[in-house]
Protein chains: 2
Amino acid sequence: MDQKRIVIIGGGFGGLTAARSLRRADVVLIDRTNHHLFQPLLYQVATAALSPSDIAWPLRTVFRSQRNVRVMMDEVLSIDRADRSICLRESPPVSFDVLIVAPGSRHAYFGHDEWEEFAPGLKTMTDAVRLRQHMLSAFEDAERRLASTGKHEPLTFVIVGGGPTGVELAGALAEIGRKAMGPDFPNLRLDDLCVLLVEGGPRILPGFSPDLSDKAAAALSRMGVTIRLNSLVSAVDKGGVKIGQDFVPSAGIIWAAGNRASGLLDTLKAAHDGAGRVMVNPDLTVPGDPWIFVIGDAAHCRGQDGKALPGLAPVAMQQGRYVAQLIEEGVAPSSRPPFIYADRGMLATIGRAKAVAQIGRFHVSGLLAWLLWCIVHIFFLIGVRSRFRVMSEWIWYYVTFKPGARLLFEQPEPAHRESRGSHRTG
Amino acid sequence: MDQKRIVIIGGGFGGLTAARSLRRADVVLIDRTNHHLFQPLLYQVATAALSPSDIAWPLRTVFRSQRNVRVMMDEVLSIDRADRSICLRESPPVSFDVLIVAPGSRHAYFGHDEWEEFAPGLKTMTDAVRLRQHMLSAFEDAERRLASTGKHEPLTFVIVGGGPTGVELAGALAEIGRKAMGPDFPNLRLDDLCVLLVEGGPRILPGFSPDLSDKAAAALSRMGVTIRLNSLVSAVDKGGVKIGQDFVPSAGIIWAAGNRASGLLDTLKAAHDGAGRVMVNPDLTVPGDPWIFVIGDAAHCRGQDGKALPGLAPVAMQQGRYVAQLIEEGVAPSSRPPFIYADRGMLATIGRAKAVAQIGRFHVSGLLAWLLWCIVHIFFLIGVRSRFRVMSEWIWYYVTFKPGARLLFEQPEPAHRESRGSHRTG
């Protein structure tokens, strides 16, 4: 076993967990960025509550003391099953004996990829930092416009998709806009801000039970979020979004609807579902190839109810551990137990002291669910430093209502780069 | 006095201090960014020790409880002295009764502005974040190149300018490279990294006394920094820098030499020195205009030794307070005392537990100076949150040697935007 080389594509929840669980094998972990990102808190970076470094960890630091894992920062262009190798953008091809494919997913625009320009999603740190810049600029623009024209025009943010990411973003935007940004912009009135959450189905948080969906919707409404159910977006452009027949002018549109698995999977030449996910065997291998595994939201893996498992961090992490164990123990394909997802429940937060939790038949909402959410998320962060920083930021924000990271960098135009003041304290 | 409108251009140390000191007047503070930046610690953001939000504060938050100050985010294009108004990029002109001009400075390339592209400076948050990306990418590139070619080529960073910023950058780069990055890149050897500090004069830290310059140089040398004195840069391009007759191939070049006051000052049509600084009266006004003040490193103001005051934060802050007092008290031009700078000393840090301090005739170096440096910088940060965060990051780094903010965002190419793993914890 020791001579075999395991290549892992992707340092997300699935790939990272697999690499950490493989303690003996020779592992190469490849990611296009240099960090693992804690995506569940990405919306807090986007809404300026946390800093990027609070929820992301350099992969090299994570594996500093695990010497059997080599980290490569590169982009995988294709997988050659016959040649047992992968092609990279910057480096020569890398061969493998065992391959774990965990490249994740990107947003699905349902055949309208041209909408992405105007309605970006929230998957990477770059997305989050861009969204934050865009949101803060929109407030500055509105303040400036009002100061010079005196005309109140609604500042509308549209969030497309009522899943957990959409709900969390809508809640955070409403909270920041109404409670924290309000006092800072003397010309803007509270009702100048409009946060619109658009969901195609009959209720938000469709993965949760109907009672929790209702509670979440009621909480969002009280916070000033307008929810439009059974509403499909039919067009998106620079100025706004068309919902059914209505055009809604928008200062910002955020896409939180639908996933499409990474395009890299096409090069595997395996059967996939409508969302591009590979139809894996019960042991998460690609049919006909017992040493190529696909995990995380790149895999279409059926749960015990016969439906595809959702794209959740716990699913990816459990799959990473499962695959690592098969590999470390060298389990022959014929004697592998199927992967079974142990569902520990679901959480979604709505705002300060507001969340919903569904743990088996146990449904909670409000402060208790929010505390649970805080504890679970702190627990899953990597390392003492991040836990300490995120916790202290949350406590600070909870007490003062001043989000910590509301910076708007100047536009990167070298010709205008200037600074003010001086640059030394002495 | 109450009806007069005071306009302040620039939210750096000078402008911010003036605005905070003007408690009664109607003040408009204009900055091209939305934040005040604590420039003395900018090199720590550039070298990944601190996060941007640790050392920058949204101006609107700073003035949230000071209702007489209105913050505008905009770029000042010109000052019209005759019309008593300023022109802005995004908004209609703003008129003033009293004007405080504090736009700061940018880097001076001594007539070679084309070098800026290859040798960026470190003045703004955008500069710092870019430099960090560049530095981390250079390490990743070297690791990748070495893994595929097996050839050790020196990874050289050149810092041009041996003032405090250059010294701090050189020390931080050497420290991160040799102590923290080393173990993370298994293929790179410690001596693959070369940090070169180039100074045109006969010693580094020319503002300090010669004994402290020597101590700083010795400390840098022990850390592995190569210092070249009496060396002028004669050419800069993508591949490296020419020092005298030698061409040094470089992975990164950082410009920390020379300042040129903001180009906005030209529109004042006042006499200026060779660095573009306005030659102000002893009361910091523009000759012939007793209600237009120029402060910070945009002003050429003579100290008691007859030399121009240096571009330091304490100078700008004292000038801001002095000007605010003249305005609040409505002191007539003829009865104004001249501005006198109270020199409280100078500090520069070199690395972990290494710094130099010069306070009057009192010269210190080593651990004591470094502790003094830490205390002074923590003290001057704005707000409890920043002090707490920066202090905890320093202690964390001091104990673990793991800088907290070593993130490399993926390149912003929307076509390739993808993420890995899943995006929900439940």
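Residues numbered from 1 in each chain as written. Chains lettered and ligands numbered in written order. Predicted model: local features only at pLDDT ≥ 70, side-chain atom pairs only at ≥ 80, totals over all residues. Heavy atoms only, no water.

Peer 1: Would you explain the overall build of chain A in this entry?
Peer 2: If you tally the helices and strands in chain A, you get nine helices and 25 strands. Each principal axis of the C-alpha atoms in chain A carries an extent, and together these give about 70 × 60 × 40 Å. Scored against the burial criterion, the 426 residues of chain A give a buried share of 61%. When contacts within chain A are restricted to residue pairs at least 6 apart in sequence, long-range pairs at least 24 apart make up 63% of them. A total accessible area of about 16,500 Å² is found for chain A, and carbon and sulfur atoms account for 56% of it. Of the charged side chains in chain A, 48 are positive and 42 negative; the average position of the first set lies 5 Å away from that of the second. (Helix = DSSP H or I, 4+ residues; strand = E, 2+ residues; numbered from the N terminus. Buried < 20%, exposed > 50% of the residue type's maximum accessible area, 1.4 Å probe, protein only. Contact = heavy atoms within 4.5 Å. Areas by Shrake-Rupley, 256 points an atom, 1.4 Å probe, with all protein chains shown as cover. Lys, Arg positive; Asp, Glu negative; His and termini not counted. Charge placed at Lys NZ, Arg CZ, Asp CG, Glu CD.)

Peer 1: Which parts of the structure should I look at to understand the sheet that holds strand β1 (residues 5–9) of chain A?
Peer 2: One key point about sheets: their strands pair by backbone hydrogen bonds, in either a parallel or an antiparallel sense. Residues and elements named next belong to chain A. Here six strands make up an open sheet; going across it, the order is β5-β2-β1-β9-β21-β20 and the pairing mixed. Among the strands making up the open sheet, the edge pair consists of β5 (69–73) and β20 (285–286). Pairing geometry for strand β9 (residues 98–101) and strand β21 (residues 289–294), over three bridges, is parallel. Bridged to I100 within β21 is F293. (Pairing = 2+ DSSP bridges.)

Peer 1: Before we go on, may I ask you to explain the packing of helix α8 (residues 367–380) of chain B against helix α9 (residues 383–400) of chain B in this structure?
Peer 2: Two numbers describe a pair of packed helices, the interaxial angle and the distance between the axes. Residues and elements named next belong to chain B. Remark: α8 packs on α9, axes separated minimally by 9 Å, with the N-to-C direction vectors making an angle of 155 degrees. What the angle tells us is that α8 and α9 run roughly antiparallel. Touching W370, W373, C374, H377, I378 and F379 of α8 are R387, V390, M391, W394 and Y398, all from α9. The residue inventory of the contact of α8 with α9, partitioned by class, reads nine nonpolar, one polar and one charged. (Axes fitted to C-alpha atoms, helices over the stretch in contact; angles between N-to-C directions. Parallel < 35°, antiparallel > 145°, perpendicular 65-115°, else oblique. Nonpolar A, V, L, I, M, F, W, Y, C, P; charged D, E, K, R; others polar.)

Peer 1: Looking at this structure, I do not really get the packing of helix α1 (residues 13–21) of chain B against helix α7 (residues 313–328) of chain B. What am I missing?
Peer 2: Residue and element names in this part refer to chain B. It is at 7 Å that the axes of α1 and α7 come closest, and there the two elements cross at 35 degrees. Judged by the sense of rotation from one axis to the other, the crossing of α1 with α7 is right-handed. Residue-level contacts link F13, G14, T17, A18 and S21 of α1 to A313, A316, M317, G320, R321, A324 and E328 of α7. Broken down by class, the residue content of the contact of α1 with α7 amounts to six nonpolar, four polar and two charged. (Left-handed = near helix turned anticlockwise from the far one by under 90°.)

Peer 1: Explain the sheet that holds strand β11 (residues 155–160) of chain B here, please?
Peer 2: Residue and element names in this part refer to chain B. With respect to topology, four strands assemble into an open sheet ordered β13-β12-β11-β17, the strand pairing being parallel. Strands at the two margins of the open sheet, each flanked by one partner only, are β13 (225–228) and β17 (252–255). If you compare each strand with its neighbour and ignore which way they point, the axes differ by 20 degrees on average. Sheet topology note: the strand β12 (residues 193–198)/β13 ladder contains four bridges and is parallel. Of the residues in β13, the one forming a bridge with L196 is T226. Lying on the sheet, helix α6 (residues 210–222) is in contact with β12 and β13; it crosses β13 at an angle near 135 degrees.

Peer 1: In this structure, what is going on with helix α8 (residues 367–380) of chain A? I would like to understand it.
Peer 2: Side chains of residues three or four places apart in an α-helix project in the same direction, reflecting 3.6 residues per turn. Taking 1.5 Å per residue, 14 residues should reach 20 Å; α8(A) reaches 20 Å between its end C-alpha atoms and fits that length. If you check which residues of α8(A) are buried, you get A369(A), W370(A), W373(A), C374(A), V376(A), H377(A) and I378(A). (Expected span 1.5 Å × (residues − 1).)

Peer 1: Looking at this structure, I do not really get the side chain of T156(A). What am I missing?
Peer 2: Relative to the helices and strands, T156(A) is located in strand β11 (residues 155–160). Once residues within four sequence positions are removed from consideration, T156(A) is found in contact with C194(A), V248(A), P249(A), S250(A), A251(A) and G252(A).

Peer 1: Got a minute to help me understand the pattern of salt bridges in this structure?
Peer 2: Two side chains that carry opposite charge are able to pair once their charged atoms sit near each other. Residues and elements named next belong to chain A. Per the stated rule, a full pass over the model turns up 32 salt bridges over all chains. One salt bridge connects D26 with R5, and the closest N-O pair in it is separated by 3.9 Å. Separated by 21 residues along the polypeptide, D26 in strand β2 (residues 26–31) and R5 in strand β1 bring together distant segments of the chain. A relative accessible area of 32% places D26 in the partly exposed class. Among the residues examined, R5 registers a relative accessible area of 25% and is labelled partly exposed. (Salt bridge = Lys/Arg side-chain N within 4 Å of Asp/Glu carboxyl O.)

Peer 1: Hey, could you run me through the confidence of the model for chain A in this one?
Peer 2: Low-pLDDT portions of the prediction should not be read for the details of their coordinates. The predicted model of chain A averages 88 in pLDDT, with 92% of residues at 70 or higher. In the predicted complex, the global pTM is 0.86; the interface-specific ipTM is 0.80. (pLDDT = per-residue confidence, 0-100.)

Peer 1: How should I be thinking about the pairing of β17(B) in this particular structure?
Peer 2: All names here are of chain B. Burial along β17 is two-sided: the residues G252 and I254 and I253 and W255 are all buried. Across four bridges, β11 lies against β17 in parallel orientation. What sits directly across from I159, in β17, is I254.

Peer 1: What am I meant to see in the environment of P249(B) here?
Peer 2: Residues and elements named next belong to chain B. Secondary-structure assignment places P249 in strand β16 (residues 246–249). Residue class for P249 comes out exposed when judged on its relative accessible area of 54%. Counting along the chain gives 91 residues from P249 to V158, while the straight-line C-alpha distance between them is 9.2 Å.

Peer 1: Where do I start with a nonpolar patch on the surface in this structure?
Peer 2: Residue and element names in this part refer to chain A. On the surface, L367, L371, I375, M391, I395, Y398 and V399 cluster together into a nonpolar patch covering about 680 Å² of accessible area. Going through the elements one at a time, α8 and α9 (383–400) are the ones with two or more residues in the nonpolar patch. For the nonpolar patch, the element with the most residues is α9, which contributes four residues. (Patch = residues over 30% accessible without salt bridge, like charges linked within 9 Å, V, L, I, M, F, W, Y side chains within 5 Å.)

Peer 1: Just checking my understanding: could you explain helix α1 (residues 13–21) of chain A for this structure?
Peer 2: In terms of burial, α1(A) is a largely internal element, seven of the nine residues being buried. Buried within α1(A) are the following residues: F13(A), G14(A), G15(A), L16(A), T17(A), A18(A) and A19(A).

Peer 1: Which parts of the structure should I look at to understand the packing of aromatic side chains?
Peer 2: Geometry of an aromatic ring pair is reported as the spacing of the ring centres plus the angle between the planes. Residues and elements named next belong to chain A. In total, this model carries 20 aromatic pairs over all chains according to the counting rule given. Between F379 and F380 the ring centres are 5.4 Å apart and the planes differ by 85 degrees, which places this aromatic pair in the edge-to-face class. Here F379 falls in the exposed class, since its relative accessible area comes to 58%. Through successive ring pairs, a cluster of aromatic residues spans Y109, F110, W115 and W255. Its guanidinium or amino end placed over the ring of W291, K4 lies 4.8 Å from that ring's centre, counting from NZ or CZ. (Phe/Tyr/Trp six-rings, centres within 6.5 Å; stacked < 30°, edge-to-face > 60°. Lys NZ or Arg CZ within 6 Å of the ring centre and 35° of its normal.)

Peer 1: What am I meant to see in unusual backbone geometry here?
Peer 2: Note: most peptide bonds trans; most residues except glycine with negative phi. Residue and element names in this part refer to chain A. For F110, which is not glycine, the phi dihedral falls at a positive 50 degrees. With respect to the secondary-structure elements, F110 resides in the loop between β10 (105–107) and α4 (125–149). Even without being a glycine, L205 presents a positive backbone phi close to 45 degrees. Residue position: L205 is located in the loop between β12 (193–198) and α6 (210–222).

Peer 1: I keep staring at the environment of V195(B) and nothing clicks. Help me out?
Peer 2: Residue and element names in this part refer to chain B. Here V195 shows up in strand β12. For V195, a relative accessible area of 2% translates into the label buried. For V195 and W370, which are 175 residues apart along the polypeptide, the C-alpha to C-alpha distance reads 22 Å.

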